[in-house]
Amino acid sequence: MEVGSLPVELWRVILAYLPLPDLGRCCQVCRAWRELILSLDNTRWRQLCLGCSECRHPNWPSQPHQEPASWRDALKQHALSTRTWTQNVPELQSSACLHFFRRRKDRRVWHVGSGCEFETLRGALGVVGPYDRVVLHPGVYEEQAELVLKVPVELVGLGRLGEVALLVCMDQQCPTARLCNLVFMPPWFSTVVYKTSWGHVQLDNCNFEGAQLQVRGPGSCQARFCSFSQGSSAHLLGVVLSLMDSCDFSGSDTASVTVEGPPVSERNWACKHLVALARTFPSCGVSGSNSPPSGPLPGSTGGNQPPGSNVKKELVSIEDWQRRNGVDAACQGTVIESWSDEDRSEGEEENQDGGGINNTKKTLKLDYKIPCDHHGLSHLLRPQPDGSMPLVSSPDPPSLAPEPLTFQQELDRDPEAQMLAASTLGCFLRRCLFREGKGGVHVSNYGQARLEGNVFRGLNYAVRCIQNSTIVMLRNEVCECRASGIFLRLSAQGLIAENNIHSNGEAGLDIRKGANPIILCNRIHSGLRSGVVVLGNGKGSIRSNQIYNNKEAGVYILFSGNPVVSGNHIFQGQAAGIAINENGRGMITENVIKENQWGGVDIRRGGDPILKNNYICYGYSDGVVVGERGRGLIEGNHVYCNKGCGVWVMSSSLPQLLGNFITHNCMYGLAVFCRKDPENMEGNWPGQEGIGGEAGSGERRGVEGERREGQENLNEEGELFAWESDLDSEDERHSARRAISVALVESNCMSYNGAVGLYVKSSEPLNVVANLVNGNRGTGIAVLQSSQLTRLVTNCILENGRGGITVEKDCRVELRGNGIYKNCGHGVSFCGNGQILENDVVGNRGYGIQVLGGADIKVMRNRVQPAQGCGVAVLGPVKGVVHDNVLFQGHPGNKKELLHMDAANENCVLRNNSVLRHNHSCTSAPPWVLENPPPRPLASSPSGLSSSQYPSRLGISMTTRISATVESGCHNGSMFCSIL
């Protein structure tokens, strides 16, 4: 009969009465009939699937209200799974096939129950033949001794689930068996209700209440739609492969599933069939109750990205970002220290208020200016080949930030992760629900497990992997655990990818004691503590994850933890983005760390990471904080648009800052504080209340944060771990990989920050080498305190909103080989002691070099051209010498002396200085140029270093590397800085 002879709707009504075998025969008639039968998915196929007494809703137990993609496919998957236990036959040959089918044809059905053939289960099992079916009628069956299954058999409960209960202990000593629609409860003599050591058991739609299932390799197990409640659990010891699909675990006293021991070398007959069945499992996902913010984040367009795109455009101007985050424009010019706004020098006030420049924003045209644009760092300021502004010259924040890689992209570049993702050894748990108990899955002693599409909710912990075990977790949801979600200990390893880990009481992932997992593309968020904790020599590769909205640090590394943290997005945390404390280390590269309440990266108390090529931006505090005794290599990072400072270096810290871009931050670009100074916490600036609360609470919160985080998870489940005795000696030696005794600031770009570019208030030596400091709203470099020598060598200080370099009273500073150009105040204002040697100071709107107060100084071999004012002005009782300088007249209308010294000064010697003025009578005179040498800083790579080693491609001649030791003690810190 043709399909078209009746309307399709009528056919569907007729076919809805057909049983499953007849539907299969109809599918084989022709293609039109097949398509008609397949169109019944939401009607007849749904009825057949839900009406099967041997299975439950395809998405039970984790998502019972969600429709499957296809009811027919779900029923097909169930049919294939229920037949696994019957596959115990030789390879397909004609005689073997005939024997198999003859045996199935002769299969008998035995009934057990009141008024049936057998009253007891033991009696029935004594007479059953191979592959017979034993039907248990409703009732409770109790045996006083262990039952032994010696032949393959199928035990099926009649009626609804729960009407047949067994109080027995079964020992399977046959190749295969199937149990269906039964409730297992422990007998009086054992909590183990079923065990097998070499055969295969299939469990369909069974309940375990206060009972234990035990499988020992080479035995295997396949459990589907089973419930383990009231303290029930499954123990798998040395299994090669076992499958547990769509099971419900609740109320466990220990772990719900325990996998122990390495897979044995011997395989039973079911292994190859289980492998094939596992590969037919469709890729499943769990949608958690919490998803990452869907709206556009600050600095992002929020639009869809093309496939494979790993770059996100952030076309946001600094004014837009300020307005979006509630930062008043006045904030940009506000500095905590009062000297920046009130204590202007006499010469600078005269230039701004008198006959000089009336408006600091008004461009001054120099008729006879000396060209200085071809200095050693000029290549950083030139337009790009596409015509766009270079990063350090743009008034807008960086427009590009990397996107996390997809899971497939990570697999393509990591063979080890690819191998783990394809592995199927051990226990395979899929689409199970673990809830309201002590533990979920415990893997130990070289055990192996694979967890896919499961939900862990309301447990003490979800997964615990220890003792060289291996775990693969894909697309699970781990939430609301009272402790950490996932524990890895004692050289555990594995792959944890595309999971949704959220709302846990402690860390989302806790990695310790040599554990070395691969953690890819997870969402780790909304935790009551940190997102990921790595400590006690823990390692791991943490890549391409989204870590957000955790109450404490997104990633917390301490006690010699040494992970690789790469390509993650760490954002909207209520504390620091990444914190490295208590001798923690780690390779932290190419992450996007933004919108965190405290420091983007916080390093202190022996923390010694490599922080390289990260984007640290849009934070509500400082970008990078290096606290007391912090160390580390901080190289090639983009630190921008933070409401505090770009980088805040505090007491007793020994970092190396190389080749970083520190731009568009609301306060200082780089601030160095090396002693406790309560004055730094005084004063208000707009937005302070909304950022950090009371300023005076910053230190208290920092101390409390350190105390609390230092204790995180050290005592777990009554165990006390002595981390100090477990530290690996090899890792301890590795901690000295960059042993230095001083800090280093080299080849950084500090541009367009809201206050001073580089702010120094230190009582220890500090040298700053080959940095570009330009476009900041305050002074380029300000040294307020330096009782020991601070050296500023081969830097370029350009076009800052105030002076170029300011040195306050009693500071010891040496300036050598710098280029100080076109700043809006004095080129150099010097009140301390030291030397100003071989600098080029050109085009500054105030004095070129101003020396005042009781300074003891040498000013030698500098080339100076002021725009307005004196070239070199010696004011007050200055001691020292000023000689061999070349002074060029600036604007022709400038009538001030190029070289001025107070007449009352008898302690300063002026000699061999050249003063060049304009000759208006000679129009053919060649223009003045800086040559032999060309404009400073000079463009040659330092000895032993290639400029390509730095992402900023800075090639600068320099003296020996510059460093700063710092004294002990604690500075009150940035007003926004807190440990986590």
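What counts, and at which threshold
Residues numbered from 1 in each chain as written. Predicted model: local features only at pLDDT ≥ 70, side-chain atom pairs only at ≥ 80, totals over all residues. Heavy atoms only, no water. Salt bridge = Lys/Arg side-chain N within 4 Å of Asp/Glu carboxyl O. Buried < 20%, exposed > 50% of the residue type's maximum accessible area, 1.4 Å probe, protein only. Helix = DSSP H or I, 4+ residues; strand = E, 2+ residues; numbered from the N terminus. Arc of directions from axis to C-beta. Contact = heavy atoms within 4.5 Å. Polar contact = N/O pair within 3.5 Å; in protein donor to acceptor, adjacent residues only side chain to side chain. Phe/Tyr/Trp six-rings, centres within 6.5 Å; stacked < 30°, edge-to-face > 60°. Lys NZ or Arg CZ within 6 Å of the ring centre and 35° of its normal. Axes fitted to C-alpha atoms, helices over the stretch in contact; angles between N-to-C directions. Parallel < 35°, antiparallel > 145°, perpendicular 65-115°, else oblique. Nonpolar A, V, L, I, M, F, W, Y, C, P; charged D, E, K, R; others polar. pLDDT = per-residue confidence, 0-100. Pairing = 2+ DSSP bridges.

1. Topic: the pattern of salt bridges
Here's step 1: Under the definition given, this model contains 28 salt bridges.
Here's step 2: A salt bridge links Glu 452 to Arg 450; the shortest N-O distance between them is 3.5 Å. Each member of the pair Glu 452 and Arg 450 is classed as buried.
Here's step 3: We note a salt bridge from Asp 602 to Arg 604, for which the minimum N-O separation is 2.7 Å. For the residue pair Asp 602 and Arg 604, the accessibility class agrees, reading buried in each case.
Here's step 4: When salt bridges that share partners are traced, they join Arg 133, Glu 154, Arg 178 and Asp 204 into one network.

2. As for helix α13 (residues 415-422)
Here's step 1: Among all positions of α13, only Ala 417, Leu 420 and Ala 421 are buried. The buried residues of α13 all sit within an arc of 100° when viewed along its axis, so they share a single face. Turned more than 90 degrees off the buried face of α13, the exposed positions are Pro 415, Met 419 and Ala 422.
Here's step 2: Packed against the buried residues of α13 are α12 (407-413), β25 (448-452), β28 (470-474), β31 (493-497) and β34 (516-520).
Here's step 3: With a side-chain oxygen positioned 3.1 Å from the backbone nitrogen of Glu 416, the residue opening α13 is Asp 414.

3. Digging into the packing of aromatic side chains
Here's step 1: Applying the stated criterion across every chain yields a total of 15 aromatic pairs.
Here's step 2: With 4.6 Å between their ring centres and 5° between their planes, Phe 249 and Phe 434 make a pair best called stacked. Of this pair, Phe 249 sits in strand β18 (residues 248-250) while Phe 434 is found in strand β23 (residues 433-435), placing the two residues 185 residues apart along the sequence.
Here's step 3: A residue is classified by how much of its surface remains accessible, and Phe 249, at 1% relative accessible area, is buried.
Here's step 4: Taking 5.4 Å as the distance between ring centres and 55° as the angle between the ring planes, the aromatic pair formed by Phe 888 and Trp 928 counts as tilted. Of this pair, Phe 888 sits in strand β76 (residues 886-888) while Trp 928 sits in the segment after β79 (914-916), and the two are 40 residues apart along the sequence.
Here's step 5: A relative accessible area of 6% means that Phe 888 is categorised as buried.
Here's step 6: Relative accessible area serves as the criterion here: at 22%, Trp 928 is assigned to the partly exposed category.
Here's step 7: In this structure, Arg 450 is placed above the aromatic ring of Phe 428, and the distance from its NZ or CZ to the ring centre is 5.5 Å.

4. So, the packing of helix α1 (residues 8-15) against helix α3 (residues 31-38)
Here's step 1: Put simply, α1 and α3 touch, their axes get as near as 10 Å, and they point 70° apart. The angle between α1 and α3 places the two elements in the roughly perpendicular class. Seen from α1, the contacting residues are Val 8, Trp 11 and Leu 15; seen from α3, they are Trp 33, Leu 36 and Ile 37.
Here's step 2: Classifying every residue of the contact of α1 with α3 by side-chain character gives six nonpolar, no polar and no charged.

5. Structural notes on the confidence of the model for the protein chain
Any segment with low pLDDT has predicted coordinates that should not be analysed in fine detail.
Here's step 1: Mean pLDDT for the protein chain: 79, with 74% of residues reaching 70 or above.
Here's step 2: Below a pLDDT of 50 lies the segment residues 294-309, which in the model reaches 25 contacts outside its immediate sequence neighbourhood of four places, other chains included.
Here's step 3: Residue range residues 941-980 is modelled with pLDDT below 50. Its contacts to residues more than four positions away, or to other chains, number 172 contacts.

6. Some words on the environment of Ser 469
Here's step 1: Residue placement: Ser 469 occurs in the loop between β27 (461-465) and β28.
Here's step 2: For the pair Ser 469 and Gln 493, spaced 24 residues apart in sequence, the C-alpha separation works out to 6.4 Å.
Here's step 3: Among residues more than four places away in sequence, those in contact with Ser 469 are Val 443, Ser 444, Asn 445, Tyr 446, Gly 447, Ala 492 and Gln 493.
Here's step 4: Engagement of the side chain of Ser 469 in a polar contact is seen with the backbone nitrogen of Asn 445, the distance being 3.3 Å.
Here's step 5: Of note is the side chain of Ser 469, whose polar atom sits 3.2 Å from the backbone nitrogen of Gly 447.

7. Some points on the pairing of strand β62 (residues 781-786)
Here's step 1: Burial analysis of β62 places six of its six residues in the buried class, the great majority of the element.
Here's step 2: Sheet topology note: the strand β59 (residues 758-762)/β62 ladder contains five bridges and is parallel. Note that in β62 the partner of Val 760 across the bridge is Val 783.
Here's step 3: Pairing of β62 with strand β65 (residues 805-807), which is carried by three bridges, proceeds in the parallel orientation. Opposite Val 783, over in β65, you have Val 807 as the bridge partner.

8. Notes on the packing of helix α2 (residues 20-27) against α3
Here's step 1: For the pair α2 and α3, the least separation of the axes is 7 Å and the interaxial angle reads 140°. It follows from the interaxial angle that α2 and α3 lie oblique. Contact residues: α2 offers Leu 23, Cys 26 and Cys 27, while α3 offers Trp 33, Arg 34 and Ile 37.

9. Focus: helix α8 (residues 271-279)
Here's step 1: For α8, every residue scored as buried is listed here: Cys 271, Leu 274, Leu 277 and Ala 278. One side of α8 carries all its buried residues, which in axial view fall inside an arc of 125°.

10. Regarding unusual backbone geometry
Here's step 1: Looking along the chain, the bond that leaves Gly 217 and enters Pro 218 is cis, with omega of 5°.
Here's step 2: Here the residue pair Asn 932 and Pro 933 is connected by a cis peptide bond, since its omega of 5° sits within 30 degrees of zero.
Here's step 3: Considering the arrangement of structural elements, one finds Pro 933 in the segment after β79.
Here's step 4: Phi angles above zero are rare outside glycine, and Arg 629 is one such case at about 60°.
Here's step 5: Along the polypeptide, Arg 629 turns up in the loop between β48 (624-626) and β49 (631-635).
Here's step 6: Arg 629 gets classed as partly exposed once you look at its relative accessible area, which sits at 40%.

11. With respect to the environment of Val 760
Here's step 1: For Val 760, the position within the fold is in strand β59.
Here's step 2: Overall, Val 760 belongs to the buried group, its relative accessible area being 0%.
Here's step 3: Linking Val 760 and Ile 781, residues 21 residues apart in sequence, is a C-alpha distance of 7.9 Å.

12. Quick notes on the side chain of Ser 444
Here's step 1: Within the fold, Ser 444 resides in strand β24 (residues 439-444).
Here's step 2: With relative accessibility at 5%, the residue Ser 444 sits in the buried group.
Here's step 3: Once you skip the residues sitting within four places of it in the chain, Ser 444 turns out to touch Val 259, Glu 260, Gly 261, Ile 466, Gln 467 and Ser 469.

13. Focus on the environment of His 826
Here's step 1: Inspection of the secondary structure puts His 826 in the loop between β67 (819-821) and β68 (828-830).
Here's step 2: Here the alpha-carbon distance between His 826 and Val 841, two residues 15 residues apart in the chain, equals 9.4 Å.
Here's step 3: Of the polar contacts made by the side chain of His 826, one reaches the backbone nitrogen of Tyr 847; its length is 2.7 Å.

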